[in-house]
Amino acid sequence: MAKDTVKLISAEGFEFIVDYRAACVSNTIKNMLSSAGSFTETELGEVKFPEISTPVLEKVCQYFYFKLRHQNSVTKDIPEFKLPPEMALELLRASNYLDT
């Protein structure tokens, strides 16, 4: 896998290939990928999340790109990041763990 991408793997084994910069929106992922030593995450460029379901990890990946797109915006017209209400609690747990 190219060093400019990262593979994020959900609890069900679904793989999301995201840009390294997008993945590093999460401080947890950033630290996992930049750790000194020969950890699997660092060497393979992939991170497994056995506690995060596929739909939640998909929404997290969408948020990474949303945050990258709007983080340096000078306008106050940043669109709302839409979340399904039934997913809110799981997303809160995931964002807490991922430090996003």
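Just above sits the structure.
Not measured: the values here are computed from a predicted model. (Residues numbered from 1 in each chain as written. Predicted model: local features only at pLDDT ≥ 70, side-chain atom pairs only at ≥ 80, totals over all residues. Heavy atoms only, no water.)

Visitor: Requested: an account of the overall build of the protein chain, with residues and values cited.
Guide: Each helix and strand counted, the protein chain has five helices and three strands in total. Reading the secondary structure of the protein chain in the N-to-C direction produces β-β-α-α-α-β-α-α. In terms of overall dimensions, the protein chain is globule-like: its C-alpha atoms have a radius of gyration of 14 Å, near the 13 Å expected for 100 residues. Summarising its shape, the C-alpha atoms of the protein chain cover approximately 45 × 30 × 20 Å along the three principal directions. Across the 100 residues of the protein chain, 36% fall into the buried class. Restricting the contact set of the protein chain to residue pairs at least 6 apart, pairs at least 24 apart contribute 62%. Entry remark: accessible area of the protein chain is about 6,600 Å², with carbon and sulfur atoms responsible for 52%. (Helix = DSSP H or I, 4+ residues; strand = E, 2+ residues; numbered from the N terminus. Rg over C-alpha atoms; globule rule 2.2 N^0.38 Å. Buried < 20%, exposed > 50% of the residue type's maximum accessible area, 1.4 Å probe, protein only. Contact = heavy atoms within 4.5 Å. Areas by Shrake-Rupley, 256 points an atom, 1.4 Å probe, with all protein chains shown as cover.)

Visitor: I'd like a description of the pairing of strand β1 (residues 5-9), backed by residues and values.
Guide: The element β1 is extensively covered by neighbouring structure, given that five of its five residues are classed as buried. Burial along β1 is two-sided: Thr-5, Lys-7 and Ile-9 facing one way and Val-6 and Leu-8 facing the other are all buried. The pairing of β1 with strand β2 (residues 15-19) spans five bridges and is antiparallel. Looking at β2, one finds that Lys-7 is bridged to Ile-17. The turn linking β1 back onto β2 is made up of five residues, and Gly-13 within it adopts a positive phi angle of 95 degrees. (Pairing = 2+ DSSP bridges.)

Visitor: Would you mind going over the nonpolar core in detail, with residue names and values included?
Guide: Counting residues in each nonpolar core, the largest one holds 21 residues, and the members touching the most others are Leu-8, Ile-29, Phe-49, Leu-57, Val-60 and Phe-64. Broken down by secondary-structure element, the contributors of at least two residues to this core are β1, β2, α1 (20-23), α2 (27-33), α4 (54-70) and α5 (88-98). Among the elements that line this core, the one with the most residues is α4, at five residues. Beyond its immediate sequence surroundings of up to four residues, Leu-8 is in contact with Phe-14, Glu-15, Phe-16, Val-18, Ile-29, Val-47, Phe-49, Leu-57, Cys-61 and Phe-64. (Core = buried A, V, L, I, M, F, W, Y, C linked by side-chain atoms within 4.5 Å.)

Visitor: Go over the packing of α4 against α5, please, and point to the residues and values.
Guide: How two helices pack is summed up by the angle between their axes together with the distance between the axes. For the pair α4 and α5, interaxial distance at closest approach is 10 Å and the crossing angle is 60 degrees. Relative to α5, the element α4 lies oblique. Classified by chirality, the crossing of α5 by α4 is right-handed. In this structure, α4 uses Val-56, Lys-59, Val-60 and Phe-64 to contact α5, whose residues at the interface are Glu-90, Leu-91, Ala-94 and Leu-98. For the contact of α4 with α5, a count of residues per class yields six nonpolar, no polar and two charged. (Axes fitted to C-alpha atoms, helices over the stretch in contact; angles between N-to-C directions. Parallel < 35°, antiparallel > 145°, perpendicular 65-115°, else oblique. Left-handed = near helix turned anticlockwise from the far one by under 90°. Nonpolar A, V, L, I, M, F, W, Y, C, P; charged D, E, K, R; others polar.)

Visitor: Could you give an account of the sheet that holds β1, naming the residues involved and the relevant values?
Guide: Here three strands make up an open sheet; going across it, the order is β2-β1-β3 and the pairing mixed. Either end of the sheet is taken by a strand with one partner, and the two such strands are β2 and β3 (46-48). Adjacent strand axes in the sheet meet at a mean angle of 20 degrees when their direction is disregarded. Sheet analysis places β1 next to β3, joined by three bridges and oriented parallel.

Bear in mind that shape data such as this cannot, by itself, settle questions of function.
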